[in-house]
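Chain residues, written in single-letter form:
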Amino acid sequence: MKEFVISEVKAETAILVGLITKDQDEEKTTEYLDELEFLADTAGAVTVKRFTQKVNGPNTVTYVGKGKLEEIKQYIEDEEDNDREIGMVIFDDELSAKQMRNIENELKVKILDRTSLILDIFAMRAQTANAKTQVELAQYRYMLPRLQRLWTHLERQGGGSGSGGGKGSVGLRGPGETQLEMDRRIILQRITLLKQRLLEIDKQKTTQRKNRGRMVRVALVGYTNVGKSTIMNLLAKSEVFAENKLFATLDTTVRKVVIDNLPFLLADTVGFIRKLPTDLVDSFKSTLDEVREADLLVHVVDISHPDFEEQIEVVNQTLKDLDSADKPMVLVFNKIDKYHWVEKEADDLTPMTRENITLDELRRTWMAKMSDNCIFISARERENIDHFRDVLYRKIRELHVQKYPYNDFLYPSEE
């Protein structure tokens, strides 16, 4: 069956649309749209314009109000008159089938929501059979309730009773079934098949994990694009793909790492993101088994991001959803080389904001909160890496002695 989500990278132009509500102020909406623009860039689209609207909540029919939709339509038409075609309009929340159909009918361009954009990136990034299967399953789950929008021209009967059934009705007289129902049934069968395939892959991975010997398992977790793969390459001296794009890593990569006399297994996992589609979380549960079975989590945070504290909360909530929130954890603040702050003027009596806090102040605050479970590094510039290794060594050795009290270390100590 033809795939529904287009995964071919094209330099298309895009408009972004977000809402300012009582639960999401203007500053937060700007941050979300910044992230949406980064997602669009990762998918190969160039953002040319943003539209926001202050409302109580999404319009159930067109997401934004009628006047705002007309404004977007006028902008698209003006750009087309100037030979600047708009390829798509991307909305920052998941749209219902009804909303998507109505917006598309009005704007006459391709309509995407945050979920379909993330699915598109996942389809582009998937390399292994496991990742491709998981992405395909998430795609079908997303598209199933939206079939009516995609295939409205197929709502004709595939069979029917009566003597004058028309051309091609021989052998098709009966209760009948619309093409839409047939497609829905085929997709449901495909979903069942993909779930079975994932179960088989999961069994193979479980067997692989059992054969890894008596070693502590450490998993790198964190928001997308915080530097997990760079840290993986640094510690494991491997060549895991890493770049400044969202979801550069989809498949879990496991490497054996040795610090001093202690070997352990280090796993690099897929990054989390705000408003991560439920279908993706469900589909990628087998990939995230490395997180569930880890003895120690290394939570990597991009301290240079203006909203890193909310990103920490997103990761912690996702870990809670995976029943892994109670595992031992080390919080690693990465990218300290990119951290910037603005010093307040002596006569400025306005309240101090996040931008006015120095790195040293942040360090003292988080060290007081997390004790020795908190480290500040720059993986790219290799700042404070020796201290990072020392902390990891102590934590892993402690877990190793607890888990395998009668197992000698495989390597003699260098001391």
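These lines cover the structure that appears in this document, whether it is placed above or below. (Residues numbered from 1 in each chain as written. Predicted model: local features only at pLDDT ≥ 70, side-chain atom pairs only at ≥ 80, totals over all residues. Heavy atoms only, no water.)

1. Comments concerning the pattern of salt bridges
At step 1: Going through the model one piece at a time under the given rule, you end up with 19 salt bridges.
At step 2: For Arg 114, the salt bridge goes to Glu 35, with nearest N and O atoms at 2.3 Å. Of this pair, Arg 114 sits in helix 4 (residues 114-125) while Glu 35 is found in helix 1 (residues 26-43), placing the two residues 79 residues apart along the sequence. Comparing Arg 114 with Glu 35 shows no difference in burial state: the two are buried.
At step 3: Counted as one network, the salt bridges with shared partners bring together Lys 28, Glu 31, Glu 35, Asp 92, Arg 114, Arg 274, Asp 307 and Glu 310. (Salt bridge = Lys/Arg side-chain N within 4 Å of Asp/Glu carboxyl O. Helix = DSSP H or I, 4+ residues; strand = E, 2+ residues; numbered from the N terminus. Buried < 20%, exposed > 50% of the residue type's maximum accessible area, 1.4 Å probe, protein only.)

2. Describing the packing of helix 2 (residues 66-81) against helix 3 (residues 97-107)
At step 1: Contact pair helix 2 / helix 3: the axes reach a minimum separation of 10 Å and the direction vectors enclose 40 degrees. In terms of orientation, helix 2 lies oblique with respect to helix 3. Crossing of helix 2 against helix 3: the hand is right-handed. From helix 2, Leu 69, Glu 70, Ile 72, Lys 73 and Ile 76 reach across to helix 3, where they touch Ile 103, Glu 106 and Leu 107.
At step 2: Partitioned by chemical class, the residues of the contact of helix 2 with helix 3 number five nonpolar, no polar and three charged. (Axes fitted to C-alpha atoms, helices over the stretch in contact; angles between N-to-C directions. Parallel < 35°, antiparallel > 145°, perpendicular 65-115°, else oblique. Left-handed = near helix turned anticlockwise from the far one by under 90°. Contact = heavy atoms within 4.5 Å. Nonpolar A, V, L, I, M, F, W, Y, C, P; charged D, E, K, R; others polar.)

3. A closer look at the environment of Glu 355
At step 1: Checked against the element boundaries, Glu 355 lands in the loop between strand 9 (329-334) and helix 12 (359-370).
At step 2: The class of Glu 355 is partly exposed, set by a relative accessible area of 39%.
At step 3: Along the backbone, Glu 355 and Pro 306 are 49 residues apart, and their C-alpha atoms lie at a distance of 7.8 Å.
At step 4: When sequence neighbours within four positions are dropped, the list of residues in contact with Glu 355 reads Trp 341 and Val 342.

4. Digging into the pairing of strand 3 (residues 88-91)
Regular strands place side chains that alternate from one sheet face to the opposite one.
At step 1: Here strand 3 shows no split at all, with Met 88 and Ile 90 on one side and Val 89 and Phe 91 on the other all buried.
At step 2: The pairing of strand 3 with strand 4 (residues 110-113) spans four bridges and is parallel. Residue pairing for strand 4: Met 88 is matched across the bridge by Lys 110.
At step 3: As a crossover connection, the stretch from strand 3 through helix 3 into strand 4 is right-handed. (Pairing = 2+ DSSP bridges. Right-handed = clockwise from strand over helix to strand, strands pointing away.)

5. Quick notes on the packing of helix 4 against helix 5 (residues 129-143)
At step 1: At a minimum axis separation of 10 Å, helix 4 and helix 5 run at an interaxial angle of 155 degrees. Regarding the angle of helix 4 to helix 5, the classification is roughly antiparallel. For the pair helix 4 and helix 5, the crossing hand works out as left-handed. Note on element contacts: helix 5 touches helix 4 through Val 135, Ala 138, Gln 139 and Tyr 142, opposite Thr 115, Ser 116, Leu 119, Phe 122 and Ala 123.
At step 2: Its residues assigned to classes, the contact of helix 4 with helix 5 comprises six nonpolar, three polar and no charged.

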